[in-house]
Every structure is written in structure tokens, then in C-alpha cells.
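Fold and contact review
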Amino acid sequence: MSVPKSKKIELPANITIRDFAQIIEVSPIQIIKKLMTNGVMASINQAIDFDTAAILADEMGFEATLESQEVPLEKESGEVPLWRQTIADEEEAALTARPPVVTILGHVDHGKTSLLDAIRHSNVAEGEAGGITQHIGAYQIELKGRQITFLDTPGHAAFTAMRARGAQGADIVILVVAADDGVMPQTKEAIAHAKAARVPIIVALNKIDKPNSNPELVKKQLSENDLTPDEWGGNTMVIPVSAKQKKGIEDLLEAILLVADNTDIRANAKGAVIGTVIEAELDKSKGPVATLLVQNGTLKTGSIVVAGNAFGHLRAMFDFRGNKVEKAGPSIPVSVMGLSGMPSAGDVFRAVGTEKEARQIILERTEASKKQATTAKKMTLEELFSKVKSGETRELNLILKADVQGSLEPIVNEINNLGKGEIAINILYAETGNISENDVLLASSSQAIVIGFSVQADVAARRLAEKEGVDIRLYDIIYRLIEDVEKALKGMLAPEFTEKPIGKAVVLQVFSLSKGSNVAGCRVTEGEIRRNGKIRVTRGKDIVYEGEVGSLKHEKEDVREIRTGFECGIGLKNFNDVQIGDVIECFTLEKTDAE
Ligand code: GDP
């Protein structure tokens, strides 16, 4: 059978469904549905490989060939960011010092947000009446007459991705390491990001107020990760701080200035205007509002700016205090109004002379991501899909809507991390804006749940959801959202049971038995502990064990249960690592009644 080929197109090795849809000029939803009918669940932002795209294109009357590998225009290749290149291209004599731009990276819960707050409050508010109320994703502080700009992206683990990108835009990375926890996976990731971006690292050794902090051990771990402290003969500054008690903050800021003095942090305030989009959101009355970090040149009210695929005359600019400003030079973050659309966090922006020029740049960007060529090797659709299909049975489909572009990607990353277990999570669609009928329709046709973050569902959407039996869930706090998805996963693993708490005990002592197994000497503090109950052991915020009671004794006697106020010995099945201070929860699993 030969289908007449109406159009030839070139596609890259991998392409997101969104971009692909744009090229073949159909709705992304149509492509998602097409993939779904072939047993593949994919979200709009998910990439499909060339072979899949070529087959889909073929079905829609296009002949696709594979592009040659070229770095698209304006894309940061991981080598030298475009703004750095722009500064490098400026005349040496025109370069002057600019404030260092600092980003804070580190493992979850090590104190990034607390440290950003501590710095903000210890310095920014000085001499100001009302303190700070604006949040624009960046702020500045002053120390000894010098300024430092901090990238202040939202404070949850979910924002690691955004912060990692921040490393590209920053001059200095503060790596927060909790002195009681040491170097953890995300610490290593952050080190890798900073190194890739060739940005110097200062370590903030946080939580030194904690009695169990162990700075020396952390320094050893840092040395093992190529960050030997200067006091050990290396060249990494390690500054002990307590974000909680606001100790060591001044030392940290001084360290930043010191590193800044030894780093080439300059720009041409009169040169080509270029910088990075920090965040962007759609304001109901103001339209798109974006925070731009100027990295070279001076941005002015009225400038024509191209940011990602949006452009516009800047109608108004505000500093991080919310004060209107007319211009912003290098390293200054400003919140701007007047863009035609929503750029993404991390996009490059520049000021141009005319609107025509702006349009031309956008066109070039789009074109650049479309070209290239060699011949394609084909595989049948069935072959391709059968591979994906092997794990198809258990999956959770989600449609995600959020208010701000910048929060989508981190949420998607967090959710994808959850989906690495037994059940796959497919984000069919992740977009900004309120939940609409369209979202509900897609959810209904793909048995998906619609999740909204800081958005509303409009009336029509709600009605349709009720009619179609689609679940819409709205959140304002990311970890609640993530927690619920996690719960949904667990719910899917054991849908017919819910947990009923029976009691709690705290571990006062640990006894070693002759056979090498340990028994927890406990006092029951709530309810009762049952011999046949399920058990969960928590240590601080961590769950360290879930399982069953192996033995339950009261003064050497085996017992079936033991109540509040009594002491007992609890042996845990297949768990020997119980510690003093652990909390043992006892619960039963009860069958949930069908609705
Ligand atoms: P992030 O996930 O890295 O942003 O960490 P957070 O700033 O949210 O802090 C995580 C937890 O550690 C919070 O409960 C903080 O109150 C606590 N924390 C942060 N800094 C310190 C500190 O210097 N000392 C102590 N004791 N706790 C801290």
C-alpha cells in the first residue's frame, strides 16, 4: 500500500510530543491519543524517539528523515552559557565588576530554604520599615557597601531541578550540607552541577547547633568528593553556620565576597542586553509577569525583549522589593510586565532593537530546532510498542496543571521519581493554567486523575468531571501533592485495605539475645501493642521498618497484647537494627468497604 507523501519533514533523534505536534500541525492531544491506542502512555512534554515519531508522521502523510546532530541556536550546550559568551565577546576595557549571583544547592532538608531566609532577614531588612514581602525568585543583599544577588527559588526538594539550572546562571554556588547528615545523593548531584557549570563552590556546613553534628566527618566526606576544605590544604571554603540560630551568616557572606574577588565577575553595563529568565507566571490582571536576571547590558522600561518564545515591550519593571525601577544593570533581578507570552524558567532573554528583529529571532529559534538530516532506519510500530507494553498493566495516569511554568518541571520530576517502583506514572499532560473541560475530557478518555497546583477548575470542568467520574485534585503545597500521589500509588498496591492505628510504644533500651537478634525494650505510650499486629518503626521523620511482631513479652512471659503505661520486649521480624528512641507503631489493616 502506498500512501502519497505530501510533505517531507526532518526530525531530531528525540522530540517532545509538543514540538512534534507543532511540526506536523496537529493537536498534541491527538498524538497522545494515537499513542494511547497503541498502548503507549506519554505526556505532552515527554520525548518520543525518531522511529516512533517517523511512524506517526507517516500515518499523517509526512515523510520524516532524521536530522544531523547540530546544537540548536540559543541552546545552552553545557559548555559555555550564552550570556557568558556574550560577556566574553565584549571589549575588555568596557567590562566592570558586577555583583556576584549566588545560588544555594544541597540535599533535601539540609536547610537551603532556612539559609535563604536567614540571609534575607539578617541583611535585606536592615534599615527598612516593613521588611520584604515580594517574592520574585531572586533578592539582593548588601554587605560592606557591596551587593550580592541570591537566586531564591521555592524551597522544596521539588525545586532541585530549577536550582540545578540556577547553577548555569550563577557565579557562585553555596552548597548546604547538614553537619548531622553529611554528604548525601543530592549533595553529590549539586557538586556535579556546579562543576559542570564551572562555578566555584562554597560549603555552608549547616545545623552546627545540633548536638549530633559531626563537622569533621562531613569535611572528610567533602574531601572524598573533590572538595577538600582549605584548612586541610584544599581550596574549598567550608563555613560552619546555623540557619536556625542565624549564626555564621556574616562569615558566609564574607566568604562569598572573597570568592567573588578571586573570580572574574564582570560585565559591560552598556553592552548587549542578555540574561536568564528566573521564573514566569500568568497574572490575571497584569498578564505574563517574568523575573529576569540581567547578566550583561542594562535593561530599561520600554526595551523590546525576546524571552524564550515570547517577546514584548517592557511596560513596567519592579525590583525585588516591589519598587518600580526604570533600568536594571548586570546581576540585577527585575520582575517585568509586557511580554506577549510565557517564557520558561531558564530561558535566555535579550533586548533587541525592533519588534521585527524579535520576531525574526523567535522564527530562527523554531527553525533551528527543526532542521538536520540523514536517512532513517525504521522499525514496525508493533515492535516498538510491544517493548513499552511489557510493563503496561499497572500504571497511574496523571494530568497536571499549575499556575507557574517554573513549578511544572520540578513537580513532574518529583512525580517521575515516585514512578520508578512497581507502578509506572504517566504524566499525560503538564501545562499552566486552570483546569478546563479539555483536561477532563482527556482524563476521562485515558482514565487519568487531574491534579492542579495553585490553580482552579472552572465550572464547566467540574460539571464534566462529575458526569464522567473524573477525579480532580487541587493543591497549594507541593509536598502534599507529592504525598498524595505517593499514597495513591500505595492505594493501588493494596486497594482493599486501610490502616487502623492500634497503639504506640517508644524504645527505651535494646537487648541483644544470645542468638544475635535484638529485642526492643519499650514502654507503650498509646493504645496497645498486639502480638498479631502490623508494625512500623520510625526514627525521627524516617520510617526505618515496616513489618510484623516476631515476639511480644511482658517480664519474660509471652503475651498477646500489652497496654498503655506497661513495659514490654518487642522482637521484630527480620529487623535487627532497632535503636533507643525509635517509635514503634502498631496497626491493623482493615478491609475498606466498597463505595
Ligand atoms: P531544605 O529542604 O534544604 O530547603 O531545608 P529546610 O530549610 O526546609 O530545612 C529543613 C529542616 O531543617 C527544617 O525543619 C529546618 O527548621 C531545619 N533546619 C534548617 N537549618 C537548621 C539549623 O541550622 N539548625 C537546626 N537545628 N535545624 C535546621
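The structure reproduced in this document is the subject of the present report. (Residues numbered from 1 in each chain as written. Predicted model: local features only at pLDDT ≥ 70, side-chain atom pairs only at ≥ 80, totals over all residues. Heavy atoms only, no water.)

The next subject is the overall build of the chain. The helix and strand tally for the chain stands at 15 helices and 34 strands. When burial is assessed residue by residue, the chain has 47% of its 595 residues classed as buried. Partitioning the intrachain contacts of the chain with sequence separation of at least 6 by distance along the chain shows that 71% fall at a separation of at least 24. (Helix = DSSP H or I, 4+ residues; strand = E, 2+ residues; numbered from the N terminus. Buried < 20%, exposed > 50% of the residue type's maximum accessible area, 1.4 Å probe, protein only. Contact = heavy atoms within 4.5 Å.)

This part is about unusual backbone geometry. Residues other than glycine seldom take positive phi values, yet serine 331 does so here, at roughly 75 degrees. Residue placement: serine 331 occurs in the loop between strand 20 (327–328) and strand 21 (333–337). We classify serine 331 as buried; its relative accessible area is 1%. With a phi close to 55 degrees, serine 454 is a non-glycine residue in the positive phi region. Mapped onto the elements, serine 454 comes out in the loop between strand 25 (448–453) and helix 14 (459–468).

Bringing the packing of aromatic side chains into the picture now. The description of an aromatic ring pair uses the distance of the two centres, along with the angle that the planes make with each other. Applying the stated criterion across every chain, the model contains 2 aromatic pairs. On the basis of an interplanar angle of 15 degrees and a centroid distance of 4.6 Å, the ring pair of tyrosine 545 and phenylalanine 575 is categorised as stacked. Separated by 30 residues along the polypeptide, tyrosine 545 in strand 30 (residues 542–554) and phenylalanine 575 in the loop between strand 33 (567–572) and strand 34 (583–591) bring together distant segments of the chain. For tyrosine 545, a relative accessible area of 9% translates into the label buried. (Phe/Tyr/Trp six-rings, centres within 6.5 Å; stacked < 30°, edge-to-face > 60°.)

Further remarks concern helix 3 (residues 50–59). Of all 10 residues in helix 3, 8 are buried; the element is thus mostly enclosed. Along helix 3, the positions that sit buried rather than exposed are Phe50, Asp51, Thr52, Ala53, Ala54, Ile55, Leu56 and Ala57.

Strand order in the open sheet formed by 6 strands is 7-8-6-9-10-11, with mixed pairing between adjacent strands. Two strands close off the open sheet at either side, each with one partner strand: strand 7 (138–143) and strand 11 (238–240). The mean angle between the axes of side-by-side strands here comes to 30 degrees, regardless of whether they run parallel or antiparallel. Summarising the sheet, strand 7 and strand 8 (residues 146–151) pair through 6 bridges and their orientation is antiparallel. For isoleucine 141, the partnering residue across the bridge sits in strand 8 and is isoleucine 148. Those strands touched by helix 9 (residues 249–261) are strand 6 (101–106), strand 7, strand 8, strand 9 (172–178), strand 10 (201–206) and strand 11, and its axis lies near 100 degrees from that of strand 8. (Pairing = 2+ DSSP bridges. Axes fitted to C-alpha atoms, helices over the stretch in contact; angles between N-to-C directions.)

Attention now moves to the sheet that holds strand 18 (residues 316–318). The strand order across the open sheet formed by 8 strands is 17-16-22-13-14-21-18-19, and the pairing between neighbours is antiparallel. The open sheet has two free edges, formed respectively by strand 17 (310–313) and strand 19 (324–325), since each of these has just one partner strand. Examined bridge by bridge, strand 16 (residues 304–307) and strand 22 (residues 348–352) share 4 bridges and lie antiparallel to one another. Across the sheet, valine 305 pairs through a bridge with alanine 351, a residue of strand 22.

Around the ligand, a shell composed of 16 residues is seen, among which Asp109, Lys112, Thr113, Ser114 and Asp209 lie nearest. Histidine 110 is positioned with one of its backbone polar atoms (N or O) 3.4 Å from an oxygen atom of the ligand. Contact distances for the ligand include 3.3 Å between an oxygen atom and a side-chain N or O atom of serine 242. Protein contacts shield 78% of the accessible area of the ligand, which totals 580 Å² for the unbound molecule. When residues of the shell around the ligand are assigned to their parent elements, the largest contribution, 3 residues, is made by helix 5 (residues 112–124). Looking at the shell around the ligand residue by residue, the classes come out as 2 nonpolar, 8 polar and 6 charged. (Near = heavy atom within 4 Å. Polar contact = N/O pair within 3.5 Å; in protein donor to acceptor, adjacent residues only side chain to side chain. Areas by Shrake-Rupley, 256 points an atom, 1.4 Å probe, with all protein chains shown as cover. Nonpolar A, V, L, I, M, F, W, Y, C, P; charged D, E, K, R; others polar.)

We now examine the pairing of strand 13 (residues 274–283). Taking burial as the measure, the 10 residues of strand 13 include 7 buried ones, the bulk of the element. As defined by bridge partners, strand 13 adjoins strand 14 (residues 287–296) across 9 bridges and the pair is classed as antiparallel. Residue pairing in the sheet places glutamate 281 in a bridge with valine 289 of strand 14. The antiparallel pairing of strand 13 with strand 14 creates a hairpin that spans 3 residues between the two strands.

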